[in-house]
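Now for the letters of each chain:
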Amino acid sequence: MENTESFSLKNMIVLGHGAPNQVKKVKDQGRCACIWSEKTGFCRIYPIPHGYLYDWEIIDVEVRKPSNDGRENTFIVYNYEKDWKKMYEHIKVHKNEKGNRINLWKSRRQDCIDTLRLLAVDSFSDLRDNRRSFGIIKPSIIEPFLENNREKSIQQKTLLDFDNLIMNQKDYKWIPCIKYSCSTKCNAKNPIHKSKIVEWGCYVWMKKNPNNEEHCKKVFDNYHINDNKYEHYLLIGNTRVHPKSYIIVKVLRFKK
Ligand SMILES: [Zn+2]
């Protein structure tokens, strides 16, 4: 029996999205989003139609509990199967008095930065050991690299996961990954963590010339990794099949 009782998550800030993938019941692409509020904490919602929400928008969303996903604070958008063409009935983006969508990064950048700094208290092991759905890591080292997608490697085990399956991922020769270490106390046996990035912008870039390693490597240029004028955080989230495995939803970066 599906749990059909609905409830609302209100005043939630959109922090990141997974890459789009096929939603079977509606035969269209949908994404998973990470949303947060001070009151409710981090939540995962899916599926969201591609292009429907942007990071740093504020939303109210009507959801239900999933029947086959045991991850913490993970919810399904209510009645998406029937209402896919009118999801605005369940996902309401906050607007200003002029009727424009509010984007906090544009209107209150410093508040966003302060919030990120406050949230970035966890280490990888804090999240893993408590099976938390999301967290923001302040890394002490970040090292991006491309992994050859045709070789057996870390990402294989997450390929079947609903919210990590990248559309036609087999079309990509390279998968962007990051090695990082935590700046807060971490109990993981290996202090260097290795995760793939599911930020959609990366794949949009690589798709322009998917087999050219030099081109694909440039995907990391706009992270400004070795530029000390920039501050970096990693938004990481766990996977459904392996709730102790984490992928990088977004590399948060901004000029200090
Ligand atoms: Zn760590």
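What counts as what
- Sequence order as written defines the numbering, with residues in each chain counted from 1.
- Owing to the predicted nature of the model, reporting of local features is limited to residues with pLDDT of at least 70; listing and counting of side-chain atom pairs is limited to 80 or more, with chain, interface and lining totals taken over all residues.
- Put simply, a residue is buried when 20 or more other C-beta atoms lie within 10 Å of its own C-beta and exposed when 12 or fewer do; between those, it is partly exposed, and each C-beta is set from the backbone.
- Counting from the N terminus, the helices are DSSP H or I runs at least four residues long and the strands are E runs at least two residues long.
- Strands were regarded as paired on the criterion that DSSP finds at least two bridges between them.
- To get an axis, fit a line to the C-alpha atoms, keeping to the stretch in contact for a helix; angles then go from 0 to 180 degrees between the N-to-C directions.
- As used throughout, a nonpolar core is a set of buried Ala, Val, Leu, Ile, Met, Phe, Trp, Tyr and Cys residues joined through C-beta atoms within 7 Å of each other.
- Boundary definitions for the domains trace back to an automatic or database domain assignment.
- Each residue is represented by a C-beta atom placed from its backbone, and any two residues with such atoms within 7 Å are regarded as in contact.
- For this scheme, ten residues count as nonpolar: Ala, Val, Leu, Ile, Met, Phe, Trp, Tyr, Cys and Pro. Four count as charged, namely Asp, Glu, Lys and Arg, and the remainder, Gly too, count as polar.

Looking at the pairing of strand 3 (residues 28-37)
Most of strand 3 sits out of view: seven of its 10 residues are buried. Relative to strand 3, strand 1 (residues 7-17) runs antiparallel, the two being bridged by four bridges. Bridge assignment links Val14 to a residue of strand 3, and that residue is Ile35. Two elements, strand 2 (residues 21-23) and strand 3, share three bridges in a ladder whose sense is antiparallel. Considered in strand 3, the bridge of Asn21 is made with Gly30. The loop that links strand 2 with its antiparallel partner strand 3 comprises four residues; one of these, Lys27, has a positive phi angle of about 50°. With seven bridges joining them, strand 3 and strand 4 (residues 41-49) adopt antiparallel strand pairing. Of the residues in strand 4, the one forming a bridge with Gly30 is Pro49.

Topic: the sheet that holds strand 12 (residues 230-238)
Hydrogen bonds between backbone atoms are what pair the strands of a sheet, whose relative direction is either parallel or antiparallel. The sheet built from three strands is open, its strands ordered 8-12-13 with antiparallel pairing. This sheet does not close on itself; its edge strands, each paired only once, are strand 8 (134-137) and strand 13 (246-255). In this sheet, adjacent strand axes meet at a mean angle of 20° when their direction is disregarded.

Notes on the nonpolar core
General note: in soluble globular proteins, nonpolar side chains tend to be found buried as a group. Judged by nonpolar contacts, the single largest core of 59 residues is most densely connected at Ile35, Ile45, Val77, Leu235 and Ile236. For this core, the element with the highest residue contribution is strand 13, accounting for six residues. Mapping this core onto the domain boundaries places at least three of its residues in each of domain 1 (7-106) and domain 2 (120-255). Beyond its immediate chain neighbours, meaning those up to four positions away, Ile45 contacts Ala33, Ile35, Val61, Val63, Phe75 and Val77.

With respect to the domain arrangement of the protein
Per the domain assignment, the segments making up the protein are domain 1 (7-106) and domain 2 (120-255). Computed from C-alpha coordinates alone, the two centres of domain 1 and domain 2 are separated by 22 Å. Facing 19 residues of domain 1, the contacting portion of domain 2 comprises 19 residues. Residue composition of the side of domain 1 that touches domain 2, grouped by class: seven nonpolar, eight polar and four charged.

Here's the deal with the sheet that holds strand 11 (residues 193-196)
Read from one edge of the open sheet, three strands run 9-10-11, paired in antiparallel fashion. With one partner strand each, in any of the chains shown, strand 9 (139-148) and strand 11 form the two edges of the open sheet. Pairs of neighbouring strands in the sheet enclose a mean axial angle of 25°, with direction left out of account. Alignment of strand 9 against strand 10 (residues 174-182), held across nine bridges, turns out to be antiparallel.

A word on the environment of His215
In this structure, His215 sits in helix 6 (residues 213-217). On the basis of neighbour count, His215 is assigned to the partly exposed category, with 14 C-beta atoms found within 10 Å. Expressed as a C-alpha distance, the spacing of His215 and Trp205, which sit 10 residues apart in the sequence, is 8.7 Å. Excluding anything up to four places from it in sequence, His215 contacts Lys208 and Asn209.

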